[in-house]
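# Observations on chain architecture
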Amino acid sequence: MKALVLSGGAGTRLRPFSHSMPKQLIPVANKPVLEHVLDNIVAIGVTDIGIVVGDWEPEITAVLGDGSRLGARLTYLRQDKPLGLAHCVSVARDFLGEDDFVMYLGDCMLVEGVAEAAEEFARVRPAAHVVVHKVADPSAFGVVEMDPEGTVRRLVEKPREARSDLALTGVYFFTPDIHRAIAAIEPSERGELEITDAIQWLVTDGAEVRAGRYHGYWKDTGRIDDVLECNRKLLDGLVRRIDGEVDEASELSGAVVVEPGATVVRSRIEGPAVIGAGTRVEDCVIGPHTSAGRGCALTGSHLDYSIVLDGAEIHRAGRLHGSVIGRFAVVGPVTDDDNRRRLVIGDHSRVQVAG
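From a predicted model like this one, the values you see are computed outputs, not experimental measurements.

On to the pairing of strand β10 (residues 152–157). With five bridges joining them, strand β9 (residues 142–146) and β10 adopt antiparallel strand pairing. Across the sheet, residue Glu 145 finds its bridge partner in β10, namely Arg 154. The loop that links β9 with its antiparallel partner β10 comprises five residues; one of these, Gly 150, has a positive phi angle of about 95 degrees.

This next bit is on the packing of helix α6 (residues 177–184) against helix α7 (residues 195–204). Taken N-terminus to C-terminus, the directions of α6 and α7 make an angle of 110 degrees; their axes are 8 Å apart at the nearest point. One finds that α6 runs roughly perpendicular with respect to α7. The segment α6 lies against α7, with Asp 177, Ile 178, Arg 180, Ala 181, Ile 182 and Ala 184 engaging Ile 195, Ala 198, Ile 199, Trp 201 and Leu 202. Its residues assigned to classes, the contact of α6 with α7 comprises nine nonpolar, no polar and two charged.

On to the packing of aromatic side chains, then. One pass over the structure, following the stated rule, counts four aromatic pairs. With a centroid separation of 5.4 Å and an interplanar angle of 50 degrees, the aromatic rings of Phe 101 and Phe 174 are classed as tilted. One end of the pair, Phe 101, is in strand β6 (residues 101–105); the other, Phe 174, is in strand β11 (residues 166–174), and 73 residues separate them in sequence. The exposure classification of Phe 101 matches that of Phe 174, with both residues buried. Grouping aromatic residues by their ring pairs yields a cluster made of Phe 101, Tyr 172 and Phe 174. The ring centre of Phe 95 lies 4.9 Å from the NZ or CZ of Lys 2, which sits over that ring.

With their axes 11 Å apart at the nearest point, helix α1 (residues 33–43) and helix α2 (residues 57–64) run at an angle of 55 degrees to one another. Taken as axis vectors, α1 and α2 run oblique relative to one another. The crossing of α1 and α2 is right-handed. Touching Leu 34, Glu 35 and Leu 38 of α1 are Ile 60, Val 63 and Leu 64, all from α2. By residue class, the composition of the contact of α1 with α2 is five nonpolar, no polar and one charged.

The next thing to look at is helix α8 (residues 224–235). Given a rise of 1.5 Å per residue, twelve residues ought to cover 16 Å, and the 17 Å separating the end C-alpha atoms of α8 matches this to within 8%. Within the sequence span of α8, burial applies to Ile 224, Asp 226, Val 227, Leu 228, Cys 230, Asn 231, Leu 234 and Leu 235.

This brings us to the pattern of salt bridges. Tallied over the full model, the rule gives 28 salt bridges. A salt bridge links Glu 120 to Arg 123; the nearest nitrogen and oxygen atoms lie 2.9 Å apart. Within this pair, Glu 120 and its partner Arg 123 are both found in helix α5 (residues 115–124), separated by three residues, close to a single helical turn. If you follow the salt bridges from partner to partner, you end up with Asp 55, Glu 57, Arg 78 and Asp 80 in one network.

Reading guide: rules and limits
- Residues numbered from 1 in each chain as written.
- Predicted model: local features only at pLDDT ≥ 70, side-chain atom pairs only at ≥ 80, totals over all residues.
- Heavy atoms only, no water.
- Pairing = 2+ DSSP bridges.
- Helix = DSSP H or I, 4+ residues; strand = E, 2+ residues; numbered from the N terminus.
- Axes fitted to C-alpha atoms, helices over the stretch in contact; angles between N-to-C directions.
- Parallel < 35°, antiparallel > 145°, perpendicular 65-115°, else oblique.
- Contact = heavy atoms within 4.5 Å.
- Nonpolar A, V, L, I, M, F, W, Y, C, P; charged D, E, K, R; others polar.
- Phe/Tyr/Trp six-rings, centres within 6.5 Å; stacked < 30°, edge-to-face > 60°.
- Buried < 20%, exposed > 50% of the residue type's maximum accessible area, 1.4 Å probe, protein only.
- Lys NZ or Arg CZ within 6 Å of the ring centre and 35° of its normal.
- Left-handed = near helix turned anticlockwise from the far one by under 90°.
- Expected span 1.5 Å × (residues − 1).
- Salt bridge = Lys/Arg side-chain N within 4 Å of Asp/Glu carboxyl O.

None of the figures reported here should be taken as evidence of function without further support.
This is how it looks when you write it as structure tokens:
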């Protein structure tokens, strides 16, 4: 089996960050979402992985390289225009050959992994096996209608009146039959080849299409609030590790990770929290569910439930809650240390926060 990871798209819902980096490289618990995806794929024994990329190809290849660091062999496949998920499969046709494959959206987090779905696909080997999750608002997703035995009867993209609350998660298992279906469909009204149309074509053609419910934690990290929530979930599984330097005047409680080369001075950190390699934390209070990336400088500030990307600086910024600070951004100072603020600051920004 091979894998196909989709890492194109503009990421408009994650602006301003997606102006200067691909959304799939936004860090969750100090690791890009895309690396979490690849970890899940390698965990099911699939190491031959194609990654569909667009204009952000240089940034993605710079982070992932050839995949050997992750235990995989990566092949980069260029999609010049975002013409739909099924079009991505067409772009990857030569790479996929006649192999079965798992297709995985590069901005989706399934924290407990996809081993159960992979085992079910291998056991039954239908033409397609989709992974679904129960949602409160089906109108925002591709929705699957299936019988009690797991056979898919119908797929509907963002229905106005849904007859099911089971949404596609962004993980699909396919046999080569999917290529025949993609060749048979036409672009949708928005000019894209929809993977839901291709799967529905298989259903209509009489092929076996099945769905399996995912009961773990699933999040499409397409919005800032989703990234923060996902960061919280992953940090809840953190194991305390202190590899950097912590002075005697500092207090660390709970699951705190201080990575090699990081320094904590006269500060209090309450876990779960992670301080990235080479980051200096001085005269700060760092609350739960906060992750600071590599090479950051944090002084005289109070952060909780926040993400600080690599190279950012926060100086005397009072209290920041539910904030995301972009790479190499500079924030501070404030005049009122008691205010509770929420900031979304893009990469390379310089912001003075007034009280």
